[in-house]
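# Close look at the chain arrangement
In case you want the letters, here they are:
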Amino acid sequence: MKAHPWQSMIEGLLEAIILVDPIQLRIVAANQAIHQLLQVGSSSLLGKGVIELAVAPEDVFFWEDVAAGLSENIHSETMLKRADGSIVQVERRVTLIRTGVDSSVYVVAINDHSNQRRVENELEKLIAELRATLESTADGILVTDLDGAIRSYNHLFAELWGLPDELLTQRDDGAIYAWMDACMHDASQYEERLGTISRSPLMEATDVLTLRSGKTLERVTLPQYARGRPIGRVYSYRDITQRLADEARLRLAAKVFESSTDAIFITDAEQKIVTTNPSFERLSSYTEQEMLGKTPRDFFSEEGNAVQVENLLKELDNLGFWEGELWNRRKNGHAYLCMISLVKVQDEFGAALNYIGFFKDRTETHTAKQRIEELAFLDVLTGLPNRLLLEERIRQAITISSRNNSTFSLLFLDLDHFKQINDSLGHPFGDRVLQQVTERLKKCIRQVDTAARLGGDEFVLLLHEANAEGAEICARRVLEELSAPFSLDGMHFTVTASIGIALYPEDGISMADLIKNADSAMYHVKERGRSDFRFYQRQMNIGLLSRMKLDHAMRQALEHQRFRLHYQPQVELATGKMLGVEALLRWTDKDLGEVSPVQFIPVAEESGVIVPIGNWVIQTAIKQAALWNRDGKSMRVAINVSALQFQQANFVDSIAAALHEHALQPHCIELELTESILIKDVEDALKKLESLAALGVKLAIDDFGTGYSSLSYLKRFPIYKLKIDRSFVGDLPVDESDVAIVTAIIHLAHALKLRVIAEGVETDRQREFLQQRQCDEMQGYLFSQAMSADELEQRYLR
Ligand SMILES: Nc1nc2c(ncn2[C@@H]2O[C@H](COP(=O)(O)O[C@H]3[C@@H](O)[C@H](n4cnc5c(=O)[nH]c(N)nc54)O[C@@H]3COP(=O)(O)O)[C@@H](O)[C@H]2O)c(=O)[nH]1
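Here the residue index of a chain counts from 1 through its sequence in written order. Where totals are concerned, whole chains, interfaces and linings use all residues; where local detail is concerned, this predicted model gives features only for residues with pLDDT of at least 70, and gives and counts side-chain atom pairs only at 80 or more. Only heavy atoms go into the side-chain values, all of them from the structure, while hydrogens and water stay out.

As recorded by an unreviewed UniProt entry, the protein carries the name EAL domain-containing protein and is attributed to Undibacterium umbellatum.

## As for the pairing of strand β2 (residues 27-30)
Where strand β1 (residues 16-20) meets β2, three bridges bridge the pair, whose relative direction is antiparallel. Within β2, the residue paired with Val20 across the bridge is Ile27. Hairpin connection from β1 to β2: six residues lie between these consecutive antiparallel strands, with Leu25 at a positive phi of about 55 degrees. Here, any two strands with at least 2 DSSP bridges between them count as paired. Under the DSSP-based scheme used, a helix requires at least four consecutive residues in state H or I and a strand at least two consecutive residues in state E, with every element numbered from the N terminus.

## A closer look at the sheet that holds strand β9 (residues 216-226)
Pairing is antiparallel across the open sheet formed by five strands, whose spatial order is β7-β6-β10-β9-β8. Single-partner strands in this sheet number two, and they are β7 (150-153) and β8 (205-210). Mean inter-strand twist for the sheet, computed between neighbouring axes without regard to direction, equals 20 degrees. Pairing analysis gives six bridges linking strand β6 (residues 140-145) to strand β10 (residues 229-239), with the strands arranged antiparallel. Residue pairing in the sheet places Leu142 in a bridge with Tyr235 of β10. Along the sheet, helix α7 (residues 173-183) makes contact with β6, β7 and β10, crossing β7 at roughly 60 degrees. Axis definition: a line fitted to C-alpha atoms, over the contacting stretch in the case of helices. Angles run 0 to 180 degrees between N-to-C directions. Residue contacts follow a heavy-atom distance rule, with two residues in contact if any of their heavy atoms lie within 4.5 Å.

## Looking at the site of the ligand
For this description, a residue counts as near a given molecule or strand if any of its non-hydrogen atoms is within 4 Å of it. For the ligand, the set of nearby residues contains 22 residues, the closest of which are Arg586, Lys723, Arg726, Glu759 and Glu762. As used in this structure description, the phrase polar contact means that two N or O atoms lie within 3.5 Å; if the pair is within protein, one of them must be able to donate a hydrogen and the other to accept it, and residues adjacent in sequence are counted only when both atoms belong to side chains. One of the side-chain N or O atoms of Arg726 is found 2.7 Å from an oxygen atom in the ligand. In the model, a nitrogen atom of the ligand is placed 2.6 Å from a nitrogen or oxygen of the Glu762 side chain. For the ligand, whose unbound accessible area comes to 800 Å², protein coverage reaches 86%. Those elements giving two or more residues to the shell around the ligand turn out to be β24 (578-589), α21 (597-607) and β28 (698-704). With four residues, β24 is the largest single contributor of residues to the shell around the ligand. Gly is put with the polar residues, along with every residue not named as nonpolar or charged; the nonpolar set is Ala, Val, Leu, Ile, Met, Phe, Trp, Tyr, Cys and Pro, and the charged set is Asp, Glu, Lys and Arg. For the shell around the ligand, the per-class residue count stands at eight nonpolar, five polar and nine charged. A 1.4 Å probe and the Shrake-Rupley method give the accessible areas. Residues count as covered only by the protein chains that appear here.

## Considerations on the pattern of salt bridges
Every case where a carboxyl oxygen of Asp or Glu lies within 4 Å of a side-chain nitrogen of Lys or Arg is listed as a salt bridge. Summed over all chains, the structure comprises 39 salt bridges. A salt bridge links Arg243 to Glu247; the shortest N-O distance between them is 3.2 Å. Of this pair, Arg243 and Glu247 both sit in helix α9 (residues 241-259), four residues apart, which is roughly one turn of the helix. Glu247 sits in the partly exposed class, given a relative accessible area of 30%. Linking Arg395 and Glu392 is a salt bridge whose minimum nitrogen-to-oxygen distance equals 3.4 Å. Residue Arg395 and its partner Glu392 are both found in helix α15 (residues 387-404); the two are separated by three residues, about one turn of the helix. To sort residues, take the accessible area from a 1.4 Å probe on protein chains only and compare it with the maximum for the residue type: under 20% means buried, over 50% means exposed, and anything in between is partly exposed. Classification of Arg395 as partly exposed rests on a relative accessible area of 42%. A single salt-bridge network, built from bridges that share partners, covers Arg636, Glu670, Lys721, Arg755 and Glu777.

## With respect to the layout of surface pockets
In this structure, the second largest pocket occupies an estimated 420 Å³ of space. Points on a 1 Å grid, built from protein atoms alone, make a cavity when a 1.4 Å probe fits but cannot get out and make a pocket when they are open with protein on both sides within 12 Å along at least 5 of 7 lines; residues with an atom within 4 Å of a point are the lining residues. Looking at the second largest pocket, the residues that line it are Ile127, Leu130, Arg131, Thr133, Leu134, Ile141, Val143, Arg151, Ser152, Gln224, Ile231 and Val234. Those elements that place two or more of their residues in the lining of the second largest pocket are α4 (114-136), β6, β7 and β10. At five residues, the largest contribution of residues to the lining of the second largest pocket is made by α4. Of the residues in the lining of the second largest pocket, the class split is seven nonpolar, three polar and two charged. Grid points are joined across faces, edges and corners, and a volume is the space filled by probe spheres set on the points.

## Thoughts on the packing of aromatic side chains
By convention here, two paired aromatic rings are described through the distance between centres and the angle between planes. The rule is short: rings of Phe, Tyr and Trp, with Trp giving its six-membered ring, pair when the centres are within 6.5 Å, and they are stacked under 30 degrees, edge-to-face over 60, tilted in between. Here the structure, examined in full by the defined rule, presents 28 aromatic pairs. Judged by centre distance (4.9 Å) and plane angle (35 degrees), the rings of Phe280 and Phe299 are tilted. Residue Phe280 is located in helix α10 (residues 278-284), and its partner Phe299 is located in helix α12 (residues 296-300); the two are separated by 19 residues in the primary sequence. As far as burial versus exposure is concerned, Phe280 and Phe299 are alike and both buried. Through pairs of rings, three or more aromatic residues link up here, namely Tyr153, Phe157, Trp161, Tyr190, Tyr235 and Tyr237. Only lysine NZ and arginine CZ atoms are considered, and such an atom sits over a ring when it is within 6 Å of the ring centre and within 35 degrees of the ring normal. The residue whose ring lies beneath Arg440 is Phe486, and the NZ or CZ to ring-centre distance is 3.5 Å.

## Observations regarding unusual backbone geometry
Cis geometry marks the peptide bond from Tyr504 to Pro505, where omega comes out at 5 degrees. Tracing the backbone through its elements, the reader meets Pro505 in the loop between β21 (497-504) and α19 (511-527). Along the chain, Leu732 connects to Pro733 via a cis peptide bond; the corresponding omega equals 0 degrees. Assignment of secondary structure puts Pro733 in the loop between α28 (726-729) and α29 (736-751).

## Comments concerning the sheet that holds strand β11 (residues 263-267)
Read across the sheet, five strands follow the order β12-β11-β15-β14-β13 without closing on themselves; strand pairing throughout is antiparallel. Of all strands in the sheet, those with a lone pairing partner are β12 (273-276) and β13 (321-329), marking the two edges. Sheet twist, expressed as the mean angle between neighbouring strand axes with direction ignored, is 25 degrees. As defined by bridge partners, β13 adjoins strand β14 (residues 335-346) across nine bridges and the pair is classed as antiparallel. Residue Glu323 lies in a different strand from β14, and its bridge partner there is Ser341. Sheet strands touched by helix α14 (residues 363-377): β13, β14 and β15 (352-361). Its angle to β14, the strand with the most contacts, is close to 125 degrees.

Encoded structure:
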């Protein structure tokens, strides 16, 4: 094919050129540049249909339009196919050049655009990436130029500031800034700061913005540079509301950790301690440094609790927590009781992240608890086990004895006349006596035995594996131990006790029965004169029951006038003349028969019915004395007065009223008072005795020598007569002690200008002895027993 005349002209052009015949649409000339662009051999394009190079459909349409004479020029981007089939982006300009009147040629100038296109693509990608970055950032971003005109912002910015939809769709920078102003808690400060920033293009700043909504935003602003010069500014906003709250919480947690009074340690996932708080060191004496890397196992494991520690660690891993108490040791070796809580901190899959241990020293609470428990089981005054603990020990003793077929004994011990000590010397004194008694009781039992105080002056001794013989030995030891004089505040006195013994299993197989029966046996001792011991016998409980019955019967007897008075003469020793009588209460019950005052007076005193009975005695005795004296017979009547009766506030008035009612001279009445009455409430007793003496009533001390025998009251009180107790008279004149005592009492009475009478005189030898010692009067079976008023009148007053 002949070369086109323009071939050489286009050959040297850098731009790729093809010349196309406008009729046949065939390439008539092509330069080197197009061959290179399409990577085809030189001249290989010549003669080729131009449409063959077209890739894009619009090119095909264009050349079809050209062929149809519809189009002449085109300048556009398109694509060409290379020889290897690859596509190349080009800028293509097609110009129809008239070469003659009837001839023309299309000059197709082609520029390889693939580089530019690549750059543009890159740019687009970059922009898209930037946009994506902008959108995907966790911060709200606002980009402005140096004048503050908004160049762009991301959706998070809009969200953080709550921009309304209309501001998102229209471009109105002023409205956006106004909106942001309005959101601010302190708009003026915000604007001032913003002004400062915008006036300083190079300024980098971080600010915290507090919005009215309660949100807190952190704003970081940086200048935007292009070619080393600031061209604008980027503001990034981050919602730090939660972070601030978290930080505050963390600060608080840190403060709690630091200032907690609980010792706290935190371990890593391998249970190695990574930190401890100050309380940890305070409590354990180990510093944090010493604990780092140690494990709870190292820290808590103590001699003897290793198994417990292993179990708790197992439980901690299984359940995620453990709580309990453990004994541990401080660095100095001192043991302390830890109240521990261990918690396993886990990730969402349950794997351990950390372990946190809290513990506190519970030693004091433990000790206090122990003390409280002790107090619950110990008698505060004496430190002895109380009823609760005794019951527990008896229960144990029953269990062991029934299993071993062995025995044990219960000694129920009640101090004799202890009430008098309390009443006369006060409760604090009585308490100290009980403490001294306790010390003596402790000496009488073995280590394995129990001495318990039930309350008041009641004690129980539980003697393990003690049969009757063992119990008796112990009872005797107690009586002997107590018989030694007590000494308190310079006072010397004696305390005796009545002891009842019950044996297991003979006297009961239950705790209640054993205590009841020992108590019952003790009562029998009381009834039979006290200061002794006695074994329980089956019929004794009838006695207990009968005490209640007796009380009831006495009240009935009083109501139905079944009491009567007998009178026992009191005789002048020197002349044998009867000077008076002692009124003695008698009672014949329809069921019980004749009941001795020895039996019923103590029960009446115990229940209080002695007061109305005593009043009846006073009324009856004074009435009888008035009758005798009215008939011209001079007869003095001695009346027994019990302590409870004397304590009644109206006692003196009742005597005065009775004397007045029966018009009896007061000197015809002699009141026999026991020593205990006088030492009970000394001031009250003194007042009453002085009032009675002022009335003219004579006062005698009954049973003299058996009580506390405090001689001071003989000096202070208006006493008229002492009555020597019959226990000192019975063995006269054989018993040297009795001889000495009786002689001393007579001398004492006379020295104090008191009269003296001996009771219980049964023999002539006794009478003679008393006469020799110049005792003033006597009373006893030797002269006469007590008898009814009628009988007495018949025998002695005719
Ligand atoms: N508060 C009141 N007590 C009273 C009253 N009546 C009596 N009693 C007291 O009861 C106790 C026992 O009295 P009783 O059984 O009547 O015994 C008295 C005499 O019978 C007895 N006595 C007299 N002589 C002899 C004797 O030679 N031998 C001997 N074995 N007993 C004898 O002594 C009792 C008198 O004692 P006392 O009162 O100490 O003088 C007794 O304590 C009574 O006090 C009452 O009304 N109220």
